[in-house]
Amino acid sequence: MKNKYRILFFGILMLCVLLAYMGCTKDETTTGPTNNTNGPYYPVTVTVLGPSGAPQGGVTVTLQNPPSADSIFSAITNSLGIATLQAPTGAQVIIATIGVFQSTITINVSASTTGNIISAPIKLVQNTALGKTLVIFAGCENIEEVLADTSIGYTKFDTTNIDYMRARVEQDSVALLTYLKQYTIVFSDCNCGDEDGYPKLARLYGRYVQQGGNIYGGHFNYMNLQYIFPGYYTTPGSGYGDSLKIINTNLSTALGYSVIYWSTGWYSPYTNLPANSIVYAVESGTTGSTSSPQGIPIIIENHVGTGKYVYTTYHNQDILSTPRLVGIVRYFLYNMK
């Protein structure tokens with residue numbers, strides 16, 4: 001019996017020692033603001049402006065050195081350019097990024113449950129280190145005018161013209177592909193409808209996209225897509241809607257609206273799209289198709305390989321006269337990467 005009491009007493013004594021040891025060796029990584037993996041964290045609200053100084057929606061804001069990969073340390077700005085994320089106390093660096101635009105700001109986060117509202121906005125600037133841009137001039141579209149608009153501020157890009165591209169693809173398509181691959185984004189102006197006579201260049205665009213490139217273009221760019229995706233973009237769509245309906249949540253959130261009056265007309269819409277396409281906007285009040293059930297597609301993102309080819313049925317410069325419509329182009333220009 002005495003032996004049993006001794007064993008019990010010894011066991012209790014060892015448990016007390018173990019508990020005392022654990023209390024003395026508490027994980028010190030939970031005490032510092034920059035190494036705090038368990039919190040507490042506090043709300044931080046920031047405002048992001050585009051290059052023109054106007055609020056910019058759709059921007060990803062994130063901590064430069066988050067305590068973990070948790071999504072609470074990142075957020076997307078709304079149409080007012082506002083986003084709220086969580087952060088530990090102390091000095092923190094916030095990075096704002098959209099496409100090839102990026103800026104940072106250093107703030108001091110206080111232990112405030114009501115939140116930290118940062119009064120100094122983050123203003124985006126074009127960062128060529130995030131990707132180079134090429135504009136291919138052609139006859140019926142002037143995307144370069146949209147890029148240069150003061151409400152967008154996309155000023156750093158190289159240029160060439162469609163005739164040069166067509167001649168060079170015949171001389172050395174491998175060299176031309178190498179040339180294109182130095183650019184993260186290529187803007188392809190519509191050339192009035194003769195695109196169907198240059199399948200070799202269209203297929204080269206397809207190879208560029210397949211290997212991670214990104215192309216953006218309007219109207220007769222669909223002829224390039226017909227060569228890249230044989231059998232698609234062949235069924236015409238017709239309707240009489242006078243408004244554009246945004247069906248993509250990210251786009252409508254960034255813009256602050258989902259339907260807007262459209263007075264510039266629609267050019268050559270097609271309803272049979274590749275299976276992996278994403279439709280961002282349709283013509284309101286129209287009957288679409290299996291690949292675009294909510295209406296005739298107006299803005300489509302086509303995927304092949306690891307890149308994308310964004311196609312608009314309209315000439316992009318047509319919407320410069322309507323400030324609210326400019327926001328649509330701006331969203332895609334900033335999100336092409």
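The structure under discussion appears in the preceding block.
Bear in mind the structure is a predicted one, so any value in this text is a computation, not a measurement.

Asker: Honestly, the sheet that holds strand E9 (residues 125–126) in this entry has me stumped. Any pointers?
Answerer: Sheet strands pair by backbone hydrogen bonding; their relative direction is either parallel or antiparallel. Taken in spatial order, the five strands make up an open sheet running E3-E2-E5-E6-E9, and their pairing is antiparallel. This sheet does not close on itself; its edge strands, each paired only once, are strand E3 (74–76) and E9.

Asker: What should I look at first to understand the packing of aromatic side chains in this one?
Answerer: Two aromatic rings are characterised by how far apart their centres lie and by the angle between their planes. Counted under the stated rule, the structure contains 15 aromatic pairs. Site record: aromatic cluster; members linked through ring pairs are Phe 101, Tyr 154, Phe 187, Tyr 216, Tyr 280, Tyr 331, Phe 332 and Tyr 334. Sitting above the plane of the Tyr 198 ring, Arg 166 keeps its charged end 3.7 Å from the centroid. Sitting over the ring of Tyr 179, Arg 168 keeps its end group 4.9 Å from the ring centre.

Asker: Hey, could you run me through the nonpolar core in this one?
Answerer: Generally speaking, nonpolar side chains in soluble globular proteins are found buried as a group. Counting 58 residues, the largest nonpolar core has Val 61, Ile 94, Phe 187 and Ile 328 as its most contacted members. Tallying contributions element by element places helix H8 (residues 323–334) first for this core, with eight residues. Here Ile 328 is in contact with Leu 244, Ile 246, Leu 255, Tyr 257, Ile 299 and Tyr 314, once residues within four sequence places are set aside. Counting residues in hydrophobic clusters, the runner-up holds 33 residues, among them Ile 136, Phe 220, Ile 228 and Val 279.

Asker: Please clarify how the pairing of strand E17 (residues 296–304) should be interpreted in this entry.
Answerer: Here is the key point about a regular strand: its side chains alternate between the two faces of the sheet. A large share of E17 lies buried, amounting to seven of its nine residues. The pairing of strand E16 (residues 278–283) with E17 spans five bridges and is classified as antiparallel. Looking at the pairing, Val 282 lines up with Pro 297 of E17. Note: E17 against strand E18 (residues 307–312), six bridges, orientation antiparallel. Bridging across to E18, Ile 300 finds its partner in Tyr 311. Between the antiparallel neighbours E17 and E18 lie two residues, among them Gly 305 with a positive phi of about 60°.

Asker: Would you explain the state of the cysteines in this entry?
Answerer: Two cysteines whose sulfur atoms are joined by a covalent bond form what is called a disulfide. On inspection of all chains with the given rule, the structure shows one disulfide. This cysteine, Cys 190, is not joined by any disulfide, and Cys 140 carries the nearest cysteine sulfur, 5.1 Å off. By relative accessible area, Cys 190 is classed as buried at 0%.

Asker: What is the right way to look at helix H5 (residues 199–210) in this model?
Answerer: Because an α-helix packs 3.6 residues into every turn, residues spaced three or four apart end up facing the same way. Taking 1.5 Å per residue as the helical rise, H5 with its 12 residues ought to reach 16 Å, and the 16 Å between its terminal C-alpha atoms agrees with that figure. With its phi angle positive at about 110°, Gly 212 sits one or two positions after the end of H5.

Asker: Even after reading the chapter, I still don't get the packing of helix H3 (residues 162–171) against H5, so can you show me in this structure?
Answerer: In helix packing, the relevant descriptors are the interaxial angle and the interaxial distance, both defined with respect to the helix axes. Packing of H3 against H5 brings their axes to within 9 Å, and their N-to-C directions diverge by 90°. One way to sum up the angle between H3 and H5 is to call them roughly perpendicular. Contacts from Ile 162, Met 165, Arg 166, Val 169 and Glu 170 in H3 reach Lys 200, Leu 201, Leu 204 and Tyr 205 in H5. Residue classes in the contact of H3 with H5 are distributed as six nonpolar, no polar and three charged.

Asker: Just to check I follow, could you spell out the side chain of Gln 126 for this structure?
Answerer: Tracing the backbone shows Gln 126 in strand E9. For Gln 126, a relative accessible area of 9% gives the class buried. At 3.1 Å, the side chain of Gln 126 and the backbone nitrogen of Thr 155 are in polar contact. A distance of 2.8 Å separates the side chain of Gln 126 from the backbone oxygen of Lys 156, its partner in a polar contact. Residues within four places of Gln 126 in sequence aside, it is in contact with Val 100, Phe 101, Gly 153, Tyr 154, Thr 155 and Lys 156.

Asker: What should I look at first to understand the pattern of salt bridges in this one?
Answerer: Note that side chains of opposite charge can pair when their charged atoms are close. Taken as a whole and assessed by the stated rule, the structure comprises three salt bridges. Residues Lys 132 and Asp 158 are paired through a salt bridge, measuring 3.9 Å at the closest nitrogen-oxygen approach. Here Lys 132, found in the loop between E9 and strand E10 (133–137), pairs with Asp 158, found in strand E11 (residues 158–161); they are 26 residues apart in sequence, far enough to count as distant. Residue Lys 132 is classed as partly exposed on the basis of its relative accessible area, which comes to 35%. Of the charged contacts in the structure, one is a salt bridge between Lys 308 and Glu 301, with a shortest N-O distance of 3.8 Å. Lys 308 gets classed as buried once you look at its relative accessible area, which sits at 13%.

Asker: Is there a simple way to explain the packing of helix H4 (residues 173–180) against H5 in this structure?
Answerer: Across the interface, H4 lies against H5 with an axial gap of 10 Å and an inter-helix angle of 45°. Between H4 and H5, the angle falls in the class oblique. The handedness of the crossing between H4 and H5 comes out as right-handed. Only Lys 200, Leu 201, Leu 204, Tyr 205, Arg 207 and Tyr 208 of H5 make contact with H4, whose side of the interface consists of Ser 173, Leu 176, Leu 177 and Leu 180. Across the contact of H4 with H5, the residue classes tally to seven nonpolar, one polar and two charged.

Scoring rules and cut-offs
In this convention, every chain numbers its residues from 1, walking through the sequence in written order. Residues qualify for local features only when their pLDDT is at least 70, as the model is predicted, and side-chain atom pairs are given and counted only at 80 or more; totals for whole chains, interfaces and linings, by contrast, use all residues. With hydrogens and water set aside, each side-chain value is computed from the structure's full complement of heavy atoms. Between any two strands, pairing holds if DSSP finds at least two bridges. What counts as a helix is a DSSP run of H or I of at least four residues, what counts as a strand is a run of E of at least two, and both are numbered from the N terminus. Each pair of aromatic rings taken from Phe, Tyr and Trp, with Trp reduced to its six-membered ring, is defined by centres within 6.5 Å and is described as stacked if the planes are under 30 degrees apart, edge-to-face if over 60, and tilted in the remaining cases. Two thresholds decide whether a charge sits over a ring: the Lys NZ or Arg CZ must be within 6 Å of the ring centre and within 35 degrees of the ring normal. As used here, the term nonpolar core means buried Ala, Val, Leu, Ile, Met, Phe, Trp, Tyr and Cys residues forming a set that is joined through side-chain atoms within 4.5 Å. Type-normalised accessible area, obtained with a 1.4 Å probe on protein chains alone, sets the label of each residue: buried when under 20%, exposed when over 50%, and partly exposed for intermediate values. Two residues qualify as a contact provided that any one of their heavy atoms is within 4.5 Å of a heavy atom in the partner residue. Two cysteine sulfur atoms form a disulfide, by the criterion used here, when they sit within 2.5 Å. A helix's residues, less one, multiplied by 1.5 Å, set its expected span. Comment: axis = line fitted to C-alpha atoms, over the contacting stretch for helices; angle = value between 0 and 180 degrees taken between N-to-C directions. Orientation is classified from the angle alone, with under 35 degrees giving roughly parallel, over 145 giving roughly antiparallel, 65 to 115 giving roughly perpendicular, and any other angle giving oblique. For this classification, the nonpolar set comprises Ala, Val, Leu, Ile, Met, Phe, Trp, Tyr, Cys and Pro, the charged set comprises Asp, Glu, Lys and Arg, and every other residue, Gly included, is treated as polar. Any pair of nitrogen or oxygen atoms within 3.5 Å is treated as a polar contact; in protein, a donor-acceptor pairing is required on top of that, and neighbouring residues in sequence qualify only through side-chain atoms on both sides. The salt bridge definition used is simple: a Lys or Arg side-chain nitrogen within 4 Å of an Asp or Glu carboxyl oxygen. Here is the rule for handedness: rotate from the far helix to the near one, and if that takes an anticlockwise turn smaller than a right angle the crossing is left-handed, while a clockwise turn gives right-handed.

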